[in-house]
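Here's the letter readout for the chains.
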Amino acid sequence: MLLNLSVLKDNPGGSIPFAVDLDLRELVFGGCCPVTEPVAASGEVRNTAGVYVLSGTVHTTLHGPCDRCARPVEKPVEFPLHAVLTEALANDDGDEDPWLFLMEEGCADLDDIVTTTFVLSMDSKFLCKEDCKGLCCRCGKDLNDGPCDCQPEADPRLAVLKQLLKK
Ligand SMILES: [Zn+2]
Ligand SMILES: [Zn+2]
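The text that follows walks through the structure, step by step, so that each part is easy to find.

About the criteria used
Residues numbered from 1 in each chain as written. Chains lettered and ligands numbered in written order. Predicted model: local features only at pLDDT ≥ 70, side-chain atom pairs only at ≥ 80, totals over all residues. Pairing = 2+ DSSP bridges. Helix = DSSP H or I, 4+ residues; strand = E, 2+ residues; numbered from the N terminus. Axes fitted to C-alpha atoms, helices over the stretch in contact; angles between N-to-C directions. Expected span 1.5 Å × (residues − 1). Buried ≥ 20, exposed ≤ 12 C-beta atoms within 10 Å, placed from the backbone. Arc of directions from axis to C-beta.

## Focus: the pairing of strand E3 (residues 39–48)
Thought 1: Across eight bridges, strand E2 (residues 15–22) lies against E3 in antiparallel orientation. Looking across to E3, one finds that Ser-15 is bridged to Arg-46.
Thought 2: Two strands pair when backbone bridges link them, and E3 and strand E4 (residues 51–65) are joined in this way by nine bridges, in the antiparallel orientation. Following the sheet pairing, Gly-43 is matched in E4 by Gly-56.
Thought 3: Two successive antiparallel strands, E3 and E4, enclose a turn made up of two residues, where Ala-49 displays a positive phi of approximately 50°.

Here you go:
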């Protein structure tokens, strides 16, 4: 959605509210697409001393298998939105500030701003909880339910040390 900012022109301190729902089901994170629900963003764009500043929040509920234990996870997430809108990018060396967005004919491209913010805010791992213990790599037991009966594998460095000490 394009948000027309022309009413902010010559109106220092003025603001325009916005609310947008995005369909980001195609986004892939860690081998799955956890963004099954609409991504809702809302906030405002304010003319702060001639600079257009967008602020607000973006939130949704993610669904997918945990990257470590494969349990189904339902996880509400909320990220702050913050962007500065500019008529022209000062330098074109490809090393742009991700929070600086170009206006298109006096409009803010909300889809682009929200999608970029959302992707950059997502964790690279999708976990049921921060300290998920995952599955035992030998028996496959979910270690969140307690330890399995596998013997801990001897540290190969210790085995080498033992060999040396025998001599
Ligand atoms: Zn997990
Ligand atoms: Zn095990």
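The structure having been displayed, the exposition proceeds.
## As for the sheet that holds E4
Thought 1: With respect to topology, five strands assemble into an open sheet ordered E2-E3-E4-E5-E6, the strand pairing being mixed. Each edge of the open sheet carries a strand with a single partner, namely E2 and strand E6 (100–102). This sheet shows a mean twist of 30° between the axes of neighbouring strands, independent of strand direction.

## Observations concerning helix H1 (residues 110–121)
Thought 1: With twelve residues, H1 extends 16 Å from end C-alpha to end C-alpha; this agrees with the ideal 16 Å at 1.5 Å per step.
Thought 2: Those residues of H1 not exposed but buried are Leu-110, Ile-113, Val-114, Thr-117 and Phe-118. All buried residues of H1 lie within an arc of 120° about the axis, which places them on one face of the element.

These figures capture arrangement, not role.
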